[in-house]
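# Structural overview for review
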Amino acid sequence: MQRSVSLWAFALVCLLVISGLLSLVVGAMNVPILDSLLLVVDKTFGANFSQLQEYQEVVVLELRLPRLLLAIFVGAILAQCGAVIQGLFRNPLADPGIIGVSSGAAVGAIVAIVLFPAAWGSWTIPTNAFIGGLLTTLLVYGFAQSKNGTSVLVLLLAGVAISSFAGAAIGFLSYFADDASLRELSVWQMGSLTSASTANLWLAFTTMVLLMIAFQRRAQALNALLLGEPEARHLGINVEQLKLQMIILTAIGVGVAVSCAGIIGFVGLVVPHLVRLATGPNHHYLLPLSALLGAVLLMCSDLLARIVVQPAELPVGLVTVLLGAPFFLILLVQQRKNWS
Amino acid sequence: MLQLDRVSFTPQGKTLLDEVSLSVNAGEMYGLLGPNGAGKTTLLKAISGDIKASGSIQLYGKELAAWDRRELAKHLAVLPQASQLAFPFSAREVVALGLTPLTLSREQAKALIDEKMHATDCHGFADHAYPSLSGGERQRVQLARVLLQLSQASHPPLLLLDEPTSAQDLGHQHNLLTLVQQLAKSEGFAVVAILHDLNQVLRYCDRCCLLDRGQVCAIDSPMEVLSDERIKQHWQYQSQRVVLESGQVVLV
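The rules behind the values
Residues numbered from 1 in each chain as written. Chains lettered and ligands numbered in written order. Predicted model: local features only at pLDDT ≥ 70, side-chain atom pairs only at ≥ 80, totals over all residues. Heavy atoms only, no water. Helix = DSSP H or I, 4+ residues; strand = E, 2+ residues; numbered from the N terminus. Rg over C-alpha atoms; globule rule 2.2 N^0.38 Å. Buried < 20%, exposed > 50% of the residue type's maximum accessible area, 1.4 Å probe, protein only. Contact = heavy atoms within 4.5 Å. Areas by Shrake-Rupley, 256 points an atom, 1.4 Å probe, with all protein chains shown as cover. Lys, Arg positive; Asp, Glu negative; His and termini not counted. Charge placed at Lys NZ, Arg CZ, Asp CG, Glu CD. Domains from an automatic or database assignment. Buried area = accessible area lost by both parts, 1.4 Å probe. UniProt positions renumbered as here; feature names shortened; annotations may be inferred. Salt bridge = Lys/Arg side-chain N within 4 Å of Asp/Glu carboxyl O. Nonpolar A, V, L, I, M, F, W, Y, C, P; charged D, E, K, R; others polar. Pairing = 2+ DSSP bridges. Core = buried A, V, L, I, M, F, W, Y, C linked by side-chain atoms within 4.5 Å. Axes fitted to C-alpha atoms, helices over the stretch in contact; angles between N-to-C directions.

### Structural notes on the overall build of chain A
- Looking only at helices and strands, chain A features 14 helices and 2 strands.
- The globule rule puts the C-alpha radius of gyration for 340 residues at 20 Å, and the 20 Å found for chain A is close to it.
- The buried share among the 340 residues of chain A stands at 54%.
- In chain A, 75% of the contacts between residues at least 6 apart in sequence involve partners at least 24 apart.
- Carbon and sulfur atoms make up 70% of the accessible area of chain A, which amounts to about 15,100 Å² in all.
- Taking the average location of the 15 positive side-chain charges in chain A and that of its 14 negative ones, the two points are 17 Å from each other.

### Some details on the overall build of chain B
- When its secondary structure is counted, chain B shows 9 helices and 12 strands.
- In terms of C-alpha radius of gyration, chain B reaches 18 Å, essentially the compact-globule figure of 18 Å for 252 residues.
- With respect to the three principal axes, the spread of C-alpha positions in chain B is 55 × 45 × 35 Å.
- A separation threshold of at least 6 residues defines the contact pool for chain B, and within that pool the share at least 24 residues apart is 66%.
- When the accessible surface of chain B is split by element, carbon and sulfur atoms take 47% of a total near 11,400 Å².
- Looking at charge distribution, chain B has the averaged site of its 23 positive side-chain charges lying 5 Å from that of its 27 negative ones.

### Let's talk about the domain arrangement of chain B
All names here are of chain B.
- Looking at chain B, the domain boundaries give domain 1 (2-60 + 155-251) and domain 2 (84-151).
- Here the C-alpha centre of domain 2 lies 26 Å away from the C-alpha centre of domain 1.
- Counting residues at the interface gives 13 residues for domain 1 and 11 residues for domain 2.
- Across the domain 1 to domain 2 interface the summed buried area is about 910 Å²; carbon plus sulfur atoms make up 69%.
- On the domain 1 side of the contact with domain 2, Q168, H172 and L179 bury the most area, a combined 39% of that side's loss.

### Describing the UniProt feature "transmembrane region" (unreviewed entry) in chain A
Residues and elements named next belong to chain A.
- The UniProt entry lists residues 68-89, 98-119, 125-144, 151-177, 197-215, 247-271, 283-304 and 316-334 under the feature "transmembrane region" (unreviewed entry), expressed in the numbering used here.
- Across residues 197-215, helical content stands at 95% and strand content at 0%; the span's end C-alpha atoms are separated by 26 Å.
- As annotated, residues 316-334 has a helix share of 100% and a strand share of 0%, and its two end C-alpha atoms lie 28 Å apart.

### Topic: the interface of chain A and chain B
- Between chain A and chain B, the contact holds 23 residues from the first and 25 residues from the second.
- Summed over both sides, the interface of chain A with chain B buries roughly 2,000 Å², with 62% coming from carbon and sulfur.
- Considering only the side of chain A, the residues that lose the most area to chain B are L227, H234 and L235 of chain A, jointly responsible for 36% of the buried surface there.
- The interface formed by chain A and chain B contains 1 salt bridge.
- Of the charged contacts, one joins D50 of chain B and R233 of chain A as a salt bridge, the two residues approaching to 3.3 Å between their closest N and O atoms.
- Every element with two or more residues in the side of chain A that touches chain B is listed here: α3 (54-89), α9 (219-225) and α10 (229-234) of chain A.
- Tallied by class, the residues present in the side of chain A that touches chain B amount to 9 nonpolar, 10 polar and 4 charged.

### Description of the pattern of salt bridges
All names here are of chain A.
- Applying the stated criterion to the full structure yields 15 salt bridges over all chains.
- Residue K243 pairs with E240 through a salt bridge whose shortest N-O separation is 3.7 Å. Of this pair, K243 and E240 both sit in helix α11 (residues 239-261), 3 residues apart, roughly one helical turn.
- For D302, the salt bridge identified is with R306, shortest N-O distance 4.0 Å. One end of the pair is D302 and the other is R306, both in helix α13 (residues 283-307) and 4 residues apart, which spans about a single turn.
- By relative accessible area, D302 is classed as buried at 4%.

### What to know about the side chain of Q86 of chain A
- Of note, Q86 of chain A is situated in helix α3.
- Those residues in contact with Q86 of chain A, other than ones at most four positions away along the chain, are N91, P92, A94, G268, L269, P272, H273 and R276 of chain A together with F87 of chain B.

### Some thoughts on the sheet that holds strand β4 (residues 54-59) of chain B
- As summarised here, the arrangement of the 4 strands in space is β2-β1-β4-β5 (chain B), forming an open sheet in which the pairing is antiparallel. With one partner strand each, in any of the chains shown, β2 (17-24) and β5 (62-63) of chain B form the two edges of the open sheet.

### Remarks on the nonpolar core
- Core analysis: the largest hydrophobic core is formed by 122 residues, its most contacted members being L70, V74, F215, M246 and I264 of chain A together with M117 and V141 of chain B.
- Here this core takes 18 residues from α3 of chain A, the largest share from any one element.
- Among residues more than four places away in sequence, those in contact with L70 of chain A are G75, L193, A196, N200, L201, A204 and C260 of chain A.

### Here's the deal with the sheet that holds strand β10 (residues 215-220) of chain B
Residue and element names in this part refer to chain B.
- Pairing within the open sheet is mixed, and its 6 strands lie in the order β6-β7-β8-β3-β9-β10. Strands with a single pairing partner mark the edges of an open sheet, and in this sheet they are β6 (76-79) and β10. Ignoring strand direction, the axes of neighbouring strands in this sheet form an average angle of 15 degrees.
- Two strands pair when backbone bridges link them, and β6 and strand β7 (residues 158-162) are joined in this way by 4 bridges, in the parallel orientation. The residue bridging V78 from the neighbouring strand is L160, located in β7.
- The strands that helix α5 (residues 135-149) touches are β6 and β7; relative to β6, the one it contacts most, it runs at about 180 degrees.
- Helix-sheet contacts for helix α9 (residues 228-235) involve β3 (29-33), β9 (207-212) and β10, and the interaxial angle to β9 is about 35 degrees.

See the structure below:
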């Protein structure tokens, strides 16, 4: 088991590096491949190998690099949050997007964009996205909670209801929005990594690192929770506290991801699944490997989004949904026999 | 070591436990019996802390609520009646969950996991996915996990069993109860088990408590408690006794 985990981790790191380099050199503008790579070396070590023009440097360093970094951070955050939410609800169909958390965060963010764009400076949107995400998580969780544990059916239906409600709220807000906010708003809903900025990157990076540490420390407790809540309690875990912590942490994660990149669906659903197929449900391995695969997946999706309709580009959220929705249906079919 | 004093549980005015008082000693196999709806499972849940009952429940002279969670987990474990798992852990990984409250080195942990899996006869399917196992195999895996959980107790621990033999075939029923009985005799475990098979109670338990409608009806050795009149009164069944050559009494 340990060995296969190390192998997978190694393979994923290789994939991450390869797709990272690809993202750097491929795009609408033709920039010499070797020089693009050398430019990164130059900037890291202070050398001067690259022969790029200044405008080409701008494309590589200020457009492509921040974007691929944001893809890594957001992908890692979403995939880990997905793994945690699935463990917490003890259900493989739970995902921050499907149960409505992302929509909630988006409503929070859009309220900020339309109604009070500059209330707390650049923190306005992330804060609001976080509050929106947290409220919806608690709401959905509260609805799905019953004497017999968490009801999947209620969970998914509450997710549907909340997503529709969020859709209506967003529609309502767009009706009153001015042109500038409208543009920002539509980008948000479809998910896009174009808004990568230094502030965004730092926020996403810090969140990713903090979540990784916080989740990993609770990996054993999350494993025990898979046995069932009473069983976890008998193993000495403060289950209520653990659930609350996990919910708040995921809300922070999803809130930050949404505020940096809008709604990006299905990464949190698909990634933990694939990892479980490879190495099993043990959270000690599941969480870091999900983070890696999430980063790879989102980066590749973004690459795809940038090259399929060159020189224009698709919102990356569309790509992940196009890839993820069929996958979700397959899962649903597999689960069907457990429900009937 | 376990002391219950006037434990009552009345959710929404419905009395499920009515001033239950009993005590269990270290090294004792203690049976909980009674007809369906007698409150056996509720009592077990009250002891394990799954429900908040009124009255006092003390382990080693200390109220359960006053115990540190991890310390309590090292001294009190529950073997669940039926257990599913959301995601397919291997049998070995399920056993390893018993390490949760413990602090052990990797080697110690590995050795202990192996030991407990041998003791419960589930080594043969250690790497199989837990959901693919039969009900009886799952329960033995859970027992191995629970024994691992109790392996670092500083006093003899308390083990709660909720119908431990319901999913087992005859041979494994016997093995499981013999194993638990040995733990009680050699390591001083106190075992509280809900048992439906009265012959198992007669054969394995040192003492038992007969519950009906949430009340204690009798506490004594199984031979005393399980008189023909009591069986008739509480189970509406006219039993007969057969005395085997070994002297063991069997109810039919």
